[in-house]
Amino acid sequence: MSMILSASVVRVRDGLPLSASTDYDQSMGMQECRKYFKILSKKLSQLPDRCTLKTGQYNINFISSLGVSYMMLCTENYPSVLAFCFLDELQKEFITTYNMMKTNTAIRPYCFIEFDNFIQRTKQRYNNTRSLSTKMNLADMQTEIKLRPPYQISVSELGSANGFSHIPVGEYKGTGKISAAPHQRLEPVTLPGIVSFVLSLLCGALNLIRGFHAIESLLQNEGEDFSYVIAFFLGTAACLYQCYLFVYYTGWRNAKSFLTFGLICLCNMYLYELRNLWQLFFHVTVGAFSTLQIRLRQPQGKSPDYNV
């Protein structure tokens, strides 16, 4: 018989359980699945926002949104579209009921255990598919799953060492490979961010033009210092890399932006004799402004009205 067996709400950053359905099944299969629940809850921040783990007779599905993950255990033959509709319903109710500030500051497990009442009611409704009245939601979910299917995490990817399991951060099976720093979307671009991007491109172009002029001067006058050419082109590369960091998510993004800004400052210090104070001030200020915008534009959580 296909059915939902249990569900839980977990905080993404540290795996703290916020609420869970009451589960009395003590079979070996269920005990094994509870172990997988604990493993996955500790690794949610490294996983995509929608995943499925198949564990023989059971499937674990979960979605993550705004720092909270909604996990459920069902039998292997339970329809995937119903599973994610169930999780989507839990997500919408939890976001509506609880202030996100409270979930972020919670310090003890199951501090929202009263949410179990809603989980149980919803679970019973989804286990009685004849009574479901969500045909429109099911159609939307089917389309969503076809367009962006959940990442498939295999049991073989869950290692065990001294009783403590872990998930390798290399890649996951599914629609493609992902690294420890997944292809996360960044927050929407703001007007200051656009301004910083354009100014960084401008500084890069100015450094590039001055670099070519320095090469021409070097060819005409043998006494010219070639290190100035290097400084100009390094400045160009630093400005363009700031633009890249602003647009794309990458590991150690903030640290890279600070190091890039340091390189911009060093290049301008070396070019002190070729630039006036206003030019130096402009280049350094733009570099600092771009670094700030990179720091402010963080990976985004999924919006509350997202279907899955």
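Residues numbered from 1 in each chain as written. Predicted model: local features only at pLDDT ≥ 70, side-chain atom pairs only at ≥ 80, totals over all residues. Heavy atoms only, no water.

The chain goes by Vesicle-trafficking protein SEC22a in an unreviewed UniProt entry, where it is assigned to Leucopsar rothschildi. Among the UniProt annotations of the chain, the heading Subcellular location (unreviewed entry) holds the following wording: "Endoplasmic reticulum membrane". Quoted verbatim from the Function (unreviewed entry) heading of the UniProt record, the comment on the chain is "May be involved in vesicle transport between the ER and the Golgi complex." (UniProt positions renumbered as here; feature names shortened; annotations may be inferred.)

Chemist: Could you give an account of the layout of surface pockets, with specific residues and numbers?
Modeler: For the second largest pocket, the calculated volume is near 410 Å³. Breaking the lining of the second largest pocket down by element, the ones donating at least two residues are β1 (4-11), β2 (17-20), α1 (28-42) and β5 (68-75). If one sorts the elements of the lining of the second largest pocket by residue count, α1 sits on top with 6 residues. (1 Å grid on protein atoms, 1.4 Å probe; cavity = no way out; pocket = protein on both sides within 12 Å on 5 of 7 lines; lining within 4 Å. Points joined across faces, edges and corners; volume = space filled by probe spheres on them. Helix = DSSP H or I, 4+ residues; strand = E, 2+ residues; numbered from the N terminus.)

Chemist: Explain the pattern of salt bridges to me, using residue names and the numbers behind them.
Modeler: Applying the stated rule across the entire model yields 3 salt bridges. The residue Asp-14 makes a salt bridge to Arg-11 at a minimum N-O spacing of 2.7 Å. On the accessibility criterion, Asp-14 (32% relative accessible area) is partly exposed. On the basis of relative accessible area, Arg-11 is assigned to the buried category, the value being 4%. Linking Glu-89 and Arg-125 is a salt bridge whose minimum nitrogen-to-oxygen distance equals 2.0 Å. With Glu-89 in helix α2 (residues 80-97) and Arg-125 in helix α4 (residues 116-127), this residue pair connects regions lying 36 residues apart in the sequence. (Salt bridge = Lys/Arg side-chain N within 4 Å of Asp/Glu carboxyl O. Buried < 20%, exposed > 50% of the residue type's maximum accessible area, 1.4 Å probe, protein only.)

Chemist: Give me the lowdown on empty space enclosed by the protein, citing residues and values where you can.
Modeler: Counted according to the given criterion, the structure contains 1 cavity of 30 Å³ or more. Put simply, the largest cavity is a space of about 40 Å³. In terms of lining, the largest cavity is formed by Ser-196, Phe-197, Ser-200, Gln-242, Cys-243, Phe-246, Ser-290 and Ile-294. Among the secondary structure elements, those contributing two or more residues to the lining of the largest cavity are α6 (191-220), α7 (226-247) and α9 (277-296). Considering only residue class, the lining of the largest cavity consists of 4 nonpolar, 4 polar and no charged. (Nonpolar A, V, L, I, M, F, W, Y, C, P; charged D, E, K, R; others polar.)

Chemist: Go over the nonpolar core, please, and point to the residues and values.
Modeler: Soluble globular proteins tend to pack their nonpolar side chains together in the buried interior. Val-9, Leu-18, Tyr-70, Met-72, Phe-86 and Phe-94 are the most contacted members of the largest nonpolar core, which has 32 residues in total. Of all the elements in the fold, those that place two or more residues in this core are β1, β5, α2, α4 and α5 (135-147). Among the elements that make up this core, the one with the highest residue count is α2 (10 residues). With residues up to four places along the chain from it excluded, the contact list for Phe-86 reads Ile-4, Ala-7, Met-72, Ile-119, Thr-122, Lys-123 and Tyr-126. (Core = buried A, V, L, I, M, F, W, Y, C linked by side-chain atoms within 4.5 Å. Contact = heavy atoms within 4.5 Å.)

Chemist: Before we move on, can you summarise the packing of aromatic side chains with the specific residues and values?
Modeler: With the rule as written, the count across this model stands at 14 aromatic pairs. Measuring from centroid to centroid gives 5.8 Å for Phe-94 and Phe-112, while their planes differ by 85°, and the two rings are edge-to-face. With a gap of 18 residues between them, Phe-94 in helix α2 and Phe-112 in the loop between α3 (100-105) and α4 connect regions that are remote in the sequence. Take Phe-94: its relative accessible area is 0%, and that puts it in the buried class. Residue classification places Phe-112 among the buried positions, given a relative accessible area of 7%. Taking 5.5 Å as the distance between ring centres and 35° as the angle between the ring planes, the aromatic pair formed by Phe-115 and Phe-118 counts as tilted. Assigned by exposure class, Phe-115 and Phe-118 land together as buried. A network of ring pairs unites the aromatic residues Tyr-70, Phe-94, Tyr-98, Phe-112, Phe-115 and Phe-118 as a single cluster. (Phe/Tyr/Trp six-rings, centres within 6.5 Å; stacked < 30°, edge-to-face > 60°.)

Chemist: Which residues make up the packing of α7 against helix α8 (residues 253-270), and what values go with them?
Modeler: The geometry of α7 relative to α8 is characterised by a closest axis approach of 9 Å and an angle of 155° between their N-to-C directions. Relative to α8, the element α7 lies roughly antiparallel. Handedness of the α7/α8 crossing: left-handed. Every residue of α8 that contacts α7 at Ser-227, Tyr-228, Ala-231, Leu-234, Gly-235, Ala-238, Cys-239, Tyr-241, Gln-242, Leu-245 and Phe-246 is listed here: Arg-253, Lys-256, Ser-257, Thr-260, Phe-261, Leu-263, Ile-264, Cys-267 and Tyr-270. (Axes fitted to C-alpha atoms, helices over the stretch in contact; angles between N-to-C directions. Parallel < 35°, antiparallel > 145°, perpendicular 65-115°, else oblique. Left-handed = near helix turned anticlockwise from the far one by under 90°.)

Chemist: Residues and numbers for the sheet that holds strand β3 (residues 50-55), please.
Modeler: Adjacent strands of a sheet pair through backbone hydrogen bonds, lying either parallel or antiparallel. Taken in spatial order, the 6 strands line up as β2-β1-β5-β4-β3-β6 in an open sheet, and their pairing is mixed. The sheet terminates laterally at β2 and β6 (151-154), the two strands that pair on one side only. With strand direction ignored, the average angle separating the axes of adjacent strands in the sheet is 20°. In this structure, β3 lies alongside β6, joined through 4 bridges in parallel fashion. (Pairing = 2+ DSSP bridges.)

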